[in-house]
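A look at the structure
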Amino acid sequence: MYCKNCGANLDNQAVVCPYCGVATDNLYAVPVEEAKKEGNGMALAGFICSFFVPLLGWIFGGIGLSRAKKREGKGKGFSIAALVIASVMFFVYLGQYV
Ligand SMILES: [Zn+2]
């Protein structure tokens, strides 16, 4: 890959450009192999939380969905389910108080 700032040819694993010191995308990206092992706990957490605390379901589901994109779709189903269930539960809870 090439440095976004100075265009130097960098190692694909480099987190910082050795020539100009600017951070590469690797600094923010979770290494792929690590991500695969880690799975997508956020998606599962969101799925579980969505039943009880819709707000947390949305937050974790949203994070899980963005992580799923980096993890070959791992946890995507749970993330979407979390967002859908959180929305449904939100209106269920809302209905109880109105
Ligand atoms: Zn550079």
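Rules used in this analysis
Residues numbered from 1 in each chain as written. Predicted model: local features only at pLDDT ≥ 70, side-chain atom pairs only at ≥ 80, totals over all residues. Heavy atoms only, no water. Helix = DSSP H or I, 4+ residues; strand = E, 2+ residues; numbered from the N terminus. Buried < 20%, exposed > 50% of the residue type's maximum accessible area, 1.4 Å probe, protein only. Contact = heavy atoms within 4.5 Å. Areas by Shrake-Rupley, 256 points an atom, 1.4 Å probe, with all protein chains shown as cover. Donors = N, O, S within 2.8 Å, 3.2 Å for Na, K, Ca; no water. Tetrahedral: all angles 85-135°; square planar, octahedral: opposite > 155°, others 65-115°. Salt bridge = Lys/Arg side-chain N within 4 Å of Asp/Glu carboxyl O.

1. Section: the overall build of the protein
Helices and strands together make up the secondary structure of the protein, namely four helices and zero strands. Shown N-terminal to C-terminal, the secondary structure of the protein runs as helices and strands in the order α-α-α-α. Out of the 98 residues in the protein, the part that is buried amounts to 26%. Of all intrachain contacts in the protein linking residues separated by at least 6 positions in sequence, the fraction that spans at least 24 positions is 41%. Total accessible area on the protein is roughly 6,500 Å²; 66% of this is exposed by carbon and sulfur atoms.

2. Quick word on the coordination of the zinc ion
Coordination of the zinc ion by the protein involves Cys3 (SG), Cys6 (SG), Cys17 (SG) and Cys20 (SG), with metal-donor separations of 2.2 to 2.3 Å. The site at the zinc ion holds four donor atoms, and with the angles between them running 107 to 116 degrees, its shape is tetrahedral. Read in sequence order, the donor residues coordinating the zinc ion give the pattern C-x2-C-x10-C-x2-C. Accessibility expressed as a relative area gives 2% for cysteine 17, which makes it buried.

3. Looking at the environment of arginine 71
Tracing the chain through its elements places arginine 71 in the loop between helix 3 (54-70) and helix 4 (76-97). For arginine 71, a relative accessible area of 4% corresponds to the buried category. Measuring from C-alpha to C-alpha, the distance between arginine 71 and asparagine 40 comes to 8.0 Å, with 31 residues separating the pair along the chain.

4. What to know about the pattern of salt bridges
Scanning all chains against the criterion turns up one salt bridge. Of the charged contacts, one joins lysine 4 and aspartate 25 as a salt bridge, the two residues approaching to 3.0 Å between their closest N and O atoms. A residue pair is termed long-range when its members are at least 10 positions apart, and lysine 4 in the segment before helix 1 (32-38) and aspartate 25 in the segment before helix 1 qualify at 21 residues.

5. As for the side chain of serine 79
Inspection of the secondary structure assignment puts serine 79 in helix 4. When its relative accessible area of 0% is taken as the criterion, serine 79 is described as buried. Apart from the residues within four sequence positions on either side, serine 79 is in contact with Ala43, Gly61, Gly64 and Leu65.

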